[in-house]
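Below, each chain spelled out in residue letters.
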Amino acid sequence: MTFNDDAQLDTSGVSRGGGGGRGLAIGGGGGLLGLVALVLYMLMGGNPADVQQPPASQSERQAESAGAGDLAAKCRTGADANRDPECRVIATRNSVQSYWRAKLPEASGGKVQWQDTEMVLYQGQTRSACGDANNRIGPFYCPLDKKVYMDAAFFRILEQQFGSSGGPLAQEYVVAHEFGHALQDQLGLLERAQQDPKGPESGAVRVELMADCFAGMWAKGAVETKDANGRTFMAPLTETDVRDALSAAESVGDDHIQEQARGRVSPESFTHGTSEQRQRWFMRGYETGDLNQCNTLQARDL
Ligand SMILES: [Zn+2]
């Protein structure tokens, strides 16, 4: 989805994060989108310990902890978001937060308010309260520090390894999905994934499909979201945009990843749902714009 060139971006609440070190980054929330990269790696016979990259050199650490001043300087407008993947991540966060800020009170009769969620936009590797992260692990939400972790380099992996379209909404879907986990945390729903972490009907799969449904809701309402000056962030969605989002959802389906990695599918180890399910739940959110329609925890048919 294209941003309006004159929309004003807000980089507050976005940091670069510190350098990562030893250890393996897996979000404590379980069932994070980023896990697919790790699972893929493990299915291919790798040792998870090998996923970690060597500790950052001192100069890398300094660059990473330099703060987000470079982001504030380069990501000012929607035109920047259309040109630069990191600025697109920031603009998408702006739009997603604007969406939930308006939607949640409306859907709950004023009882629930969106809590602004910080984001660490790292490059290469960083440290989170849930462990160290690198871009092989992918984007994730860490419930222990309540932050979304993104590395725009993951979009290349999504495209080249997972076969997703490289279109803007393919990327924006990933961002909206992670902020969907932040919303689940705010609603107290993330624990289901931890209690029941794998299998075709597991809590993990239900939580993931709900985050896809939330991403669909945002995609539908994004055109109405506005910056601090009241200018709309996004141009209206096109059919190509929707196809891009569905392509990304398809590419991260458990069956697709398992088939690609070892030529067969094992539903008992599903953590995110099939390609078909992920696309369908995205579309359910997109078509209805209704929070209640995203209640995968009680859905009989996933
Ligand atoms: Zn997820």
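Report on the accompanying structure. (Residues numbered from 1 in each chain as written. Predicted model: local features only at pLDDT ≥ 70, side-chain atom pairs only at ≥ 80, totals over all residues. Heavy atoms only, no water.)

So, on to the state of the cysteines. In total, this model carries three disulfides according to the counting rule given. With a sulfur-sulfur separation of 2.0 Å, cysteine 130 is cross-linked through a disulfide to cysteine 142. Between cysteine 130 and cysteine 142, the S-S torsion sits near 90 degrees, and that sign places the bridge as right-handed. With cysteine 130 in the loop between β3 (125–128) and β4 (131–134) and cysteine 142 in strand β5 (residues 140–142), this pair connects stretches of sequence that are 12 residues apart. Cysteine 142 carries the same exposure label as cysteine 130, and that label is buried. The residue that forms a disulfide with cysteine 213 is cysteine 294, at a sulfur-sulfur distance of 2.0 Å. The sign of the -75 degrees torsion about the S-S bond sets the cysteine 213-cysteine 294 disulfide as left-handed. Taken together, the residues cysteine 213 in helix α9 (residues 203–221) and cysteine 294 in the segment after α12 (275–288) connect sequence positions 81 residues apart. By relative accessible area, which is 0% here, cysteine 213 ends up buried. Classification of cysteine 294 as buried rests on a relative accessible area of 1%. Described in terms of the sequence order of its bonded cysteines, the disulfide pattern of the protein is 1-2, 3-4, 5-6. (Disulfide = S-S within 2.5 Å. Helix = DSSP H or I, 4+ residues; strand = E, 2+ residues; numbered from the N terminus. Buried < 20%, exposed > 50% of the residue type's maximum accessible area, 1.4 Å probe, protein only.)

For the rest of this paragraph, the subject is the nonpolar core. Counting residues in hydrophobic clusters, the biggest one holds 70 residues, and the most contacted among them are Trp100, Met119, Met150, Tyr173, Trp218 and Phe282. Put simply, the parts of the chain that give this core at least two residues each are α5 (85–108), β2 (118–121), β6 (147–150), α6 (154–160), α7 (168–186), α9, α10 (239–251) and α12. The element contributing the most residues to this core is α9, with 11 residues. Once residues within four sequence positions are removed from consideration, methionine 150 is found in contact with Val89, Met119, Val120, Leu121, Tyr122, Pro139, Phe155, Val174, Val175 and Glu178. Residues Val120, Cys130, Ala133 and Phe140 belong to the second largest nonpolar core, which totals seven residues. (Core = buried A, V, L, I, M, F, W, Y, C linked by side-chain atoms within 4.5 Å. Contact = heavy atoms within 4.5 Å.)

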